[in-house]
Amino acid sequence: MNDRERIDDLEKRLINLESSLQKETHKMNAIFSSMTEAIIGIDDDLNVVLMNQAASILVRVADTDAKGQKISELFPLYKDKDPIDDAHSPIVQAVKEKTIVRTYIYDNIYFKGSDGFYIPVVLSAVYLLGENSIEGMSTLIIIRNVIQEKSVDKAKTELISMASHQLRTPLTSIGWFAEMLLKGEAGPVTNEQKDYLQEIVESNERMTELVDSLLNVSRVDLGTFKVDPKPTALVDVVESLCKELTPMISVKKMNVNKIFSKELPLINVDQTLIRIVLQNLLTNAIKYTPEEGTIDIVLKKQDTNMLISIADSGYGIPKEDQSKIFTKLYRAQNVRDKVTDGNGLGLYIVKAIVEQNGGSIWFSSEENQGTTFNILIPLTGMKAKEGAKALPTDLALS
Ligand code: ADP
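Quick notes on the rules
Residues numbered from 1 in each chain as written. Predicted model: local features only at pLDDT ≥ 70, side-chain atom pairs only at ≥ 80, totals over all residues. Heavy atoms only, no water. Core = buried A, V, L, I, M, F, W, Y, C linked by side-chain atoms within 4.5 Å. Buried < 20%, exposed > 50% of the residue type's maximum accessible area, 1.4 Å probe, protein only. Helix = DSSP H or I, 4+ residues; strand = E, 2+ residues; numbered from the N terminus. Contact = heavy atoms within 4.5 Å. Salt bridge = Lys/Arg side-chain N within 4 Å of Asp/Glu carboxyl O. 1 Å grid on protein atoms, 1.4 Å probe; cavity = no way out; pocket = protein on both sides within 12 Å on 5 of 7 lines; lining within 4 Å. Points joined across faces, edges and corners; volume = space filled by probe spheres on them. Nonpolar A, V, L, I, M, F, W, Y, C, P; charged D, E, K, R; others polar. Phe/Tyr/Trp six-rings, centres within 6.5 Å; stacked < 30°, edge-to-face > 60°. Lys NZ or Arg CZ within 6 Å of the ring centre and 35° of its normal. Pairing = 2+ DSSP bridges. Axes fitted to C-alpha atoms, helices over the stretch in contact; angles between N-to-C directions.

Draft legend 1. Molecular detail of the nonpolar core. Grouped together as the largest cluster of nonpolar side chains are 47 residues, with contacts concentrated most on Leu234, Val277, Leu278, Leu281, Ile310, Phe373 and Ile375. Residue contributions to this core peak at nine residues, all from helix α10 (residues 271-287). Beyond its immediate stretch of four places on either side in the chain, Leu281 contacts Ile310, Leu347, Val350, Phe373 and Ile375. Within the second largest apolar cluster, 26 residues are counted, among which are Val59, Leu77, Phe111 and Ile141.

See below:
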C-alpha cells in the first residue's frame, strides 16, 4: 500500500467511525428522549445540564431553558406539603455523598408544578462514578410520577376505613348481648355456658381492638383525623391512664415511677390523640416487661418542647428489629411468642399522630434490659384541623 492508498484507507475508516458514532449517539438520544421516566442530569453545583422529554413535560420547561437552572428551582420537592430544604433533599445528599439515594412511595415526596399542583413522585438520584462518569455531569435523577399508585393506595385505604367503620356497630351489639347473657339477664346460665360466653366477650374485645386500630391506621394514612387542641395538663392524662391500667399493672406486680417536673405548663393538644399515643406506649411498656418490672414515666420541659419519656425494664427490642418497629403490622421476633395479643399497628399510629402534629418520637432499647420511648411535643402545641373525623376514642386496651 502506497502513501496515497494509506491516506484513502484512513479516511474511509474515519468516515465509518464517524457514521457509527453518529448512529450510536442517535440511538442513545432516541432511548433517552423516549423514556417514560423523567431524567434530569445535574453537575456538582446542582445546576441542570440536560433533561429528557418526559422531564420537560413534568416540569413544563423546555430543556434549553432548563439548562443552568438550579435543580431546587426547576424541580422543587415537598414532603407532604412542606418544602424539602437542601439539608434533607435526596438529590443534594446523592451529590454531596457521591452515592445513590432512592425514595419510596411511602416517603410521600411531591413535586410542586408551575400550576401549583402537587405531583407525587419517587426518584433515584445516582451519582455517576468511575467508568459511568460523564464530563460536566455528576448525577442523574430518574423520576417517576406515582399519581396512579397513590390513588389506588388511597382507594384501598378508604375501603379499609369504610369497612372497619361499618364493622364497629355489629361488634358493639355482639359485645352487649354476650355481656347480657353472661349476667343472666335472659335467664340462668350454667358454668359451662358462662365459660363459652366469656370467650365470646374476650374475642369480641380483641376484634374491636383490631378494627379500631385498622380504622385509626386508615385515618392517619388518609390524613383525615380531626385535631381539636385544648389546653391540657399532661400530668392529668398520664394519671388517668395509669388509673385505667391499674388492673394490668397490679396483675404483673409492676412498679411505676412518675417523675414529673414541678409546674409544667398546660399544653394545647388534642386530648383524644394524646391519650391514644400515651395509652399505646404505656400498654406496650406493661405488656413487654416481665412481672415485677419497673416503668419510669418522665414529664419535663426541654427547651421549647415538652418531653414525655416512658422507660421500662422489659424484654427490649433486638437490634435487627429496631428499624422496623414503626412499620405497619411489624412485631419483633423476641416477643411474638411471649406476648401473643398484639397486631403491630400501635406504634405506626403513635408515630403518625406525633409527627403529623409537629412532634418527634424516638427510642433506645437493649434486649433484656429495657426500652425507653421519648416524645417531644412543641410547647406551642398542636394545630387545629377542621372538618375531619375524630379517631375512635373508646379504644380497647391492647
Ligand atoms: P403490638 O404491641 O400490638 O404488637 P406495636 O405497634 O405497639 O404493636 O409495637 C410493635 C412492636 O414493637 C411490638 O410487637 C414489640 O415487638 C415492639 N415493642 C413496642 N414497644 C415495646 C417495648 N416497650 N418493649 C419491647 N418491645 C416493644
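Having seen the structure, we can now continue with the description.
Draft legend 2. Summary view of the pattern of salt bridges. Overall, the coordinates contain 16 salt bridges when judged by the stated rule. Where Glu149 meets Arg144, a salt bridge forms, and the shortest distance between an N and an O atom there is 2.8 Å. Given the relative accessible area of 36%, Arg144 is considered partly exposed. A salt bridge links Asp221 to Lys328, with the nearest nitrogen and oxygen atoms 2.8 Å apart. One end of the pair, Asp221, is in helix α7 (residues 191-222); the other, Lys328, is in the loop between α11 (319-322) and α12 (346-356), with 107 residues separating them in the sequence. The exposure class assigned to Asp221 is partly exposed, which follows from its relative accessible area of 32%. In this structure Lys328 comes out as partly exposed when scored by relative accessible area, which is 37%.

Draft legend 3. Looking closely at the layout of surface pockets. Empty space within the largest pocket amounts to approximately 2000 Å³. Taken together, 47 residues form the lining of the largest pocket, with Asp80, Asn108, Val220, Asp221 and Gln356 sitting closest to its centre. Taken together, the elements giving at least two residues each to the lining of the largest pocket come down to β7 (118-127), α6 (147-182), α7 and α12. Looking at the lining of the largest pocket element by element, the count peaks at seven residues for α6. Its residues assigned to classes, the lining of the largest pocket comprises 19 nonpolar, 12 polar and 16 charged.

Draft legend 4. Spotlight on the packing of aromatic side chains. Evaluated as defined, the whole model comprises seven aromatic pairs. Between the aromatic rings of Tyr110 and Tyr118, the centroid separation amounts to 6.5 Å while the plane-to-plane angle is 85°, which identifies the pairing as edge-to-face. Classification of Tyr110 as buried rests on a relative accessible area of 17%. Residues Phe363 and Phe373 carry aromatic rings whose centres are separated by 5.2 Å and whose planes lie at 35° to one another, so their mutual orientation is tilted. With Phe363 in strand β14 (residues 360-366) and Phe373 in strand β15 (residues 370-378), this residue pair connects regions lying 10 residues apart in the sequence. Judged on exposure class, the residue Phe363 and its partner Phe373 are both buried. Between Lys351 and the ring centre of Phe326, over which it is positioned, the NZ or CZ distance is 5.6 Å. Over the ring of Phe225 we find Lys385; its NZ or CZ atom is 4.7 Å from the centre of that ring.

Draft legend 5. Looking closely at the sheet that holds strand β10 (residues 255-260). Ordered by their spatial adjacency, five strands build an open sheet running β10-β12-β13-β15-β14, and the pairing between neighbours is mixed. Strands with a single pairing partner mark the edges of an open sheet, and in this sheet they are β10 and β14. Within this sheet the neighbouring strands show an average axis-to-axis angle of 10°, counted without direction. Along the sheet, α10 makes contact with β12 (294-302), β13 (305-312) and β15, crossing β13 at roughly 25°.

Draft legend 6. The environment of Gly184, seen in detail. Secondary-structure assignment places Gly184 in the loop between α6 and α7. Taking C-alpha positions, Gly184 is 76 Å from Ile42, a pair spaced 142 residues apart along the chain.

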